[in-house]
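# Examining the three-dimensional arrangement
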2 protein chains.
Amino acid sequence: MNVREAAERSGLPSKTIRYYDDIGLVVPDRRNNGYRDYDNQSVQKLAFLKRARQLGFSIDDCRQLLSLYEDKDRASADVKALAETHLAEIDKRLAELEHLRGTLKHLIHACRGDDRPDCPILADLSGDE
Amino acid sequence: MNVREAAERSGLPSKTIRYYDDIGLVVPDRRNNGYRDYDNQSVQKLAFLKRARQLGFSIDDCRQLLSLYEDKDRASADVKALAETHLAEIDKRLAELEHLRGTLKHLIHACRGDDRPDCPILADLSGDE
DNA sequence: CTTGATCTTCCAGTTACTGGAAGCTTTATG
DNA sequence: CATAAAGCTTCCAGTAACTGGAAGATCAAG
């Protein structure tokens, strides 16, 4: 499929998809006319990238994550170690997101209007880790 | 306190803290010698920014989030609406992170070594929403 | 067979930092 | 007191990851 359809299915702008091709992150086949030709697997990788980038993982992180599925030469233990490193990172972010959620929820329920200047949420903003 | 100590306490590099001053995100007092002087509240905002940025919220999002605590002129209903918008965004990201976590966990447990080329995780990469 | 939409590459601009130079201030040491 | 190291300042240039726009090729419809 063309880049436009890959964009629609993955949720990423075509511009970004071409950029990911340029940097070798998701490289599609080319047709005789030079057009990029994406298959379903590439679209899935792109959708995965959309998620992971949105969640603050760097392009380099994403490259590693994608390599988990691609690098057939890597030893099984390495794959597992790499995946577990990223899993720990994800768990850390989950905890931080949940903290952020709690802070905001607290704000909504406890601090309205005139009470806000005195509300104690700022003291809680930085978390407790 | 000086920028260095604010950096140590918030976890952000001093460079970034100066940048946040430049763009008016967290503006400290200045001493007579021109040095920036941060108080605890600013440090807490900086730590909050570290979290939120790491989790993929833009500077503009962060500006809004910080304004929830600062803008005393805003009507209570507006504050609540803004906070709830961001809360919804956070919930969406929580779900995405959890999905990512599930994918990785599945990889670790179900696909090792020689089985990987055939493992069905790629088909699951893009999620189901 | 032309018009309009999509595709291509390339180059410039944006966001959010990040590193380094040049210089002032403060602090530690002889 | 001198002076050297450390830390502060501003400013300017560079990086990462896009993002927009120009110039031109290609394709699908009327």
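Everything here concerns the structure above.
Keep in mind the model is a prediction, meaning the values are calculated, not measured. (Residues numbered from 1 in each chain as written. Chains lettered and ligands numbered in written order. Predicted model: local features only at pLDDT ≥ 70, side-chain atom pairs only at ≥ 80, totals over all residues.)

## Some words on the overall build of chain A
Put simply, the rule reads: Where helices and strands are cited, they refer to DSSP runs of H or I of at least four residues and of E of at least two residues respectively, numbered from the N terminus. Throughout, a residue-residue contact means that the two C-beta atoms, derived from backbone geometry, are no farther apart than 7 Å.
Each helix and strand counted, chain A has five helices and two strands in total. Tracing chain A from N to C terminus, the helices and strands come up as α-α-β-β-α-α-α. Across chain A, every contact between residues at least 6 apart in sequence was considered, and the portion connecting residues at least 24 apart equals 39%.

## Regarding the protein's contact with DNA strand D
Under the convention used in this document: As used in this record, a residue near a molecule or strand is one whose C-beta atom, placed from the backbone, is within 6 Å of it. Gly is put with the polar residues, along with every residue not named as nonpolar or charged; the nonpolar set is Ala, Val, Leu, Ile, Met, Phe, Trp, Tyr, Cys and Pro, and the charged set is Asp, Glu, Lys and Arg.
By nearness alone, 17 residues border DNA strand D, and Asn33(A), Ile59(A), Asn2(B), Arg4(B) and Arg36(B) come closest of all. Of all the secondary structure elements, the ones that give two or more residues to the surface near DNA strand D are helix H2 (14-22) and helix H4 (59-70) of chain A together with helix H1 (3-10) and helix H2 (14-22) of chain B. If you tally residues by element for the surface near DNA strand D, the top one is H2(A), at three residues. For the surface near DNA strand D, a count of residues per class yields five nonpolar, six polar and six charged.

## Topic: the packing of helix H1 (residues 3-10) of chain A against helix H3 (residues 40-54) of chain A
All names here are of chain A. Selection criterion: Orientation is described by axes fitted as lines to C-alpha atoms, over the contacting stretch for helices, and by angles from 0 to 180 degrees between their N-to-C directions. Between 65 and 115 degrees an angle is taken as roughly perpendicular, under 35 as roughly parallel, over 145 as roughly antiparallel, and anywhere else as oblique. When the near helix sits turned anticlockwise from the far one by under a right angle, the crossing is termed left-handed; a clockwise turn instead gives a right-handed crossing.
As a packed pair, H1 and H3 sit with axes 9 Å apart at the nearest point and diverge in direction by 50°. With respect to their mutual orientation, H1 and H3 come out oblique. Of the two possible hands of crossing, H1 and H3 adopt the one that is right-handed. Between H1 and H3, the residues in contact are Ala6, Arg9 and Ser10 and Ser42, Val43, Leu46, Ala47 and Lys50, respectively. Tallied by class, residues from the contact of H1 with H3 come to four nonpolar, two polar and two charged.

## A word on the environment of Lys105(B)
One can find Lys105(B) in helix H5 (residues 76-110). Sequence separation of Lys105(B) and Leu25(B) is 80 residues, and the distance between their C-alpha atoms is 38 Å.

## Looking at the nonpolar core
The nonpolar side chains of a soluble globular protein tend to be buried with one another. What counts, and what does not: Each nonpolar core comprises buried Ala, Val, Leu, Ile, Met, Phe, Trp, Tyr and Cys residues, the members being joined through C-beta atoms within 7 Å. A residue is called partly exposed when the number of other C-beta atoms within 10 Å of its own lies between 12 and 20, exposed at 12 or fewer, and buried at 20 or more, with C-beta atoms placed from the backbone.
Within the largest apolar cluster, 43 residues are counted, with the highest numbers of intra-cluster contacts made by Leu46(A), Ala52(A), Leu46(B) and Ala52(B). In terms of residue count, the dominant contributor to this core is helix H5 (residues 76-110) of chain A (six residues). With residues up to four places along the chain from it excluded, the contact list for Ala52(A) reads Phe57(A), Cys62(A), Leu65(A) and Leu100(B).

## A word on the protein's contact with DNA strand C
In the vicinity of DNA strand C lie 17 residues, with Asn2(A), Arg4(A), Arg36(A), Asn33(B) and Ile59(B) positioned nearest. Sorting the residues of the surface near DNA strand C by element identifies H1 and H2 of chain A together with H2 and helix H4 (59-70) of chain B as the ones contributing at least two each. In terms of residue count, H2(B) provides more of the surface near DNA strand C than any other element does, three residues in total. In the surface near DNA strand C, the residues fall into five nonpolar, six polar and six charged.

## Considerations on the packing of H1(A) against H2(A)
All names here are of chain A. At their nearest, the axes of H1 and H2 sit 9 Å apart, and the two run at 105° to each other. Between H1 and H2, the angle is such that the two are roughly perpendicular. Residues Val3, Arg4, Ala6 and Ala7 of H1 lie in contact with H2, whose contacting residues are Ser14, Ile17 and Arg18. Across the contact of H1 with H2, the residue classes tally to four nonpolar, one polar and two charged.

## Overview of H1(B)
Residue and element names in this part refer to chain B. Put simply, the rule reads: Of all possible arcs, the one meant is that of the directions from the helix axis to the C-beta atoms.
Every buried residue of H1 is accounted for by Ala6, Ala7 and Ser10. Buried residues of H1, viewed axially, fall in a sector of 105°; they line one side. More than 90 degrees from the buried face of H1, the exposed residues found are Arg4 and Glu5. Looking at the buried positions of H1, the neighbouring elements they touch are H2 and helix H3 (40-54). Directly after H1, the chain includes Gly11, whose backbone phi takes a positive value near 90°.

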